[in-house]
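One letter stands for each residue in the lines below.
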Amino acid sequence: MSHALTPVRTLSQAWLCGLEVALSASGGRRVHLITTITDPGTEIDSVREALDHSLRSFGVQSVDTVAHTIFPKALYDDPGIEWKPGLASESEQVINAAAERLYDRYRSMLPLLLTDPGNKQGTYFSRMISWPGKEVNGINQLCNRINRLRSEHRSGRRTHNTLDIDLSAYCVPTYQSPIGVQTYAVTDERIRGFPCLVHVDLTLFEGKLHCTAVYRHHYLVSKAYGNYLGLSWLMQFLSQQSGYEVGELVVHSTLADAQPGDRPKPRQLLEEARNALARATGITQ
């Protein structure tokens, strides 16, 4: 039943492989699909373009739009420098200010975002920077994780495995601390998949920052590529802010759904993406 895909370099290949495997399963769904992207900052443009063309044709959110729900890159003024131990205070102020502007810009938008019925429990990014995500003065999980990673870097530590970011709208803290595992509320009786992304785990290993994301019900046509892209942007932000290299991205889709009855038709899309990959790289999937 479960299936671990062979690790691939680009998120484009990862998306294509996952869709292919899910479509080969009964009903176009597969339980516990594990996807590993070794270089999550890379894409194959023609594969993404093939997907975006199909999504636009049916009025579905673009890859970029979905990615911004996880990390709103358009709101981040990249300072062009990386934090590192011993960084000059003037430079550290610049990189800290860039992060604060991102948080402030998003928090200023949050009241309007919450008026959308789909956002009544908050958004992914609001839960990252203002936990539990339904108000502007919550716990900033990203800032806390960055501070912890910087502390590890200053001490010369290259391996650490207790950082996490919780995204479920129904979690409650296990204890009064901004850092640490959260648990589901006892009132959580969801039977579907809201929210789809419930947890992001950060692992520092041998000087690289690795990420594992857990999705409950993962829509592979309409959401997965954008999810991978948004998570890669998040990793790049955390790496820039902490000075560690970007490592692997692993996505655990507890139910991977190829959406066989939806539009765009996944089998046709799969063929178009395969052809785009072959034309761009000579790789046949």
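Look up a bit, the structure's there.
Just so we're clear, the structure is a prediction, and the values are computed from it rather than from any experiment. (Residues numbered from 1 in each chain as written. Predicted model: local features only at pLDDT ≥ 70, side-chain atom pairs only at ≥ 80, totals over all residues. Heavy atoms only, no water.)

**Quick word on the side chain of T35**
No. 1: Mapped onto the fold, T35 is located in strand β2 (residues 29-37).
No. 2: When sequence neighbours within four positions are dropped, the list of residues in contact with T35 reads L5, A14, Y228, L249, V250 and V251. (Helix = DSSP H or I, 4+ residues; strand = E, 2+ residues; numbered from the N terminus. Contact = heavy atoms within 4.5 Å.)

**Observations regarding the pairing of strand β6 (residues 197-205)**
No. 1: As paired strands, β6 and strand β7 (residues 208-219) are joined by eight bridges and run antiparallel to one another. Among the inter-strand pairings, L197 is bridged to a residue of β7, identified as Y215.
No. 2: Between β6 and β7, which pair antiparallel one after the other, the connecting turn spans two residues, and E206 there sits at a positive phi close to 50°. (Pairing = 2+ DSSP bridges.)

**Digging into the pattern of salt bridges**
If the charged atoms of two oppositely charged side chains come close together, the side chains can form a pair.
No. 1: Scanning all chains against the criterion turns up 13 salt bridges.
No. 2: R154 serves as the salt-bridge partner of E92, at 3.9 Å between the closest nitrogen and oxygen. Of this pair, E92 sits in helix α4 (residues 89-113) while R154 sits in helix α6 (residues 141-154); the two residues are 62 residues apart in sequence, bridging distant segments of the chain.
No. 3: Here E152 and R157 are joined by a salt bridge, their closest N and O atoms 3.4 Å apart.
No. 4: Members of the salt-bridge network, linked through shared partners, are E43, R48, D52 and D64. (Salt bridge = Lys/Arg side-chain N within 4 Å of Asp/Glu carboxyl O.)

**Re the nonpolar core**
No. 1: Grouped together as the largest cluster of nonpolar side chains are 70 residues, with contacts concentrated most on W15, V47, M128, L142, V200 and F237.
No. 2: It is helix α7 (residues 224-242) that provides the largest number of residues to this core, a total of ten residues.
No. 3: Beyond its immediate chain neighbours, meaning those up to four positions away, V200 contacts D164, I165, L167, C211, T212, A213 and L231. (Core = buried A, V, L, I, M, F, W, Y, C linked by side-chain atoms within 4.5 Å. Buried < 20%, exposed > 50% of the residue type's maximum accessible area, 1.4 Å probe, protein only.)

**What about unusual backbone geometry?**
No. 1: Residue W131 is joined to P132 through a cis peptide bond whose omega torsion reads 10°.
No. 2: Structurally, the position occupied by P132 is in the loop between α5 (124-129) and α6.
No. 3: Its identity as a non-glycine residue notwithstanding, E206 has a phi of 50°, on the positive side.
No. 4: Of note, E206 is situated in the loop between β6 and β7.
No. 5: By relative accessible area, E206 is classed as exposed at 52%.
No. 6: A positive phi angle, near 50°, is found at Q259, a position not held by glycine.
No. 7: With respect to the helices and strands, the residue Q259 is situated in the loop between β8 (245-257) and α8 (266-281).

Take it as geometry only, folks, not as evidence of what the structure does.
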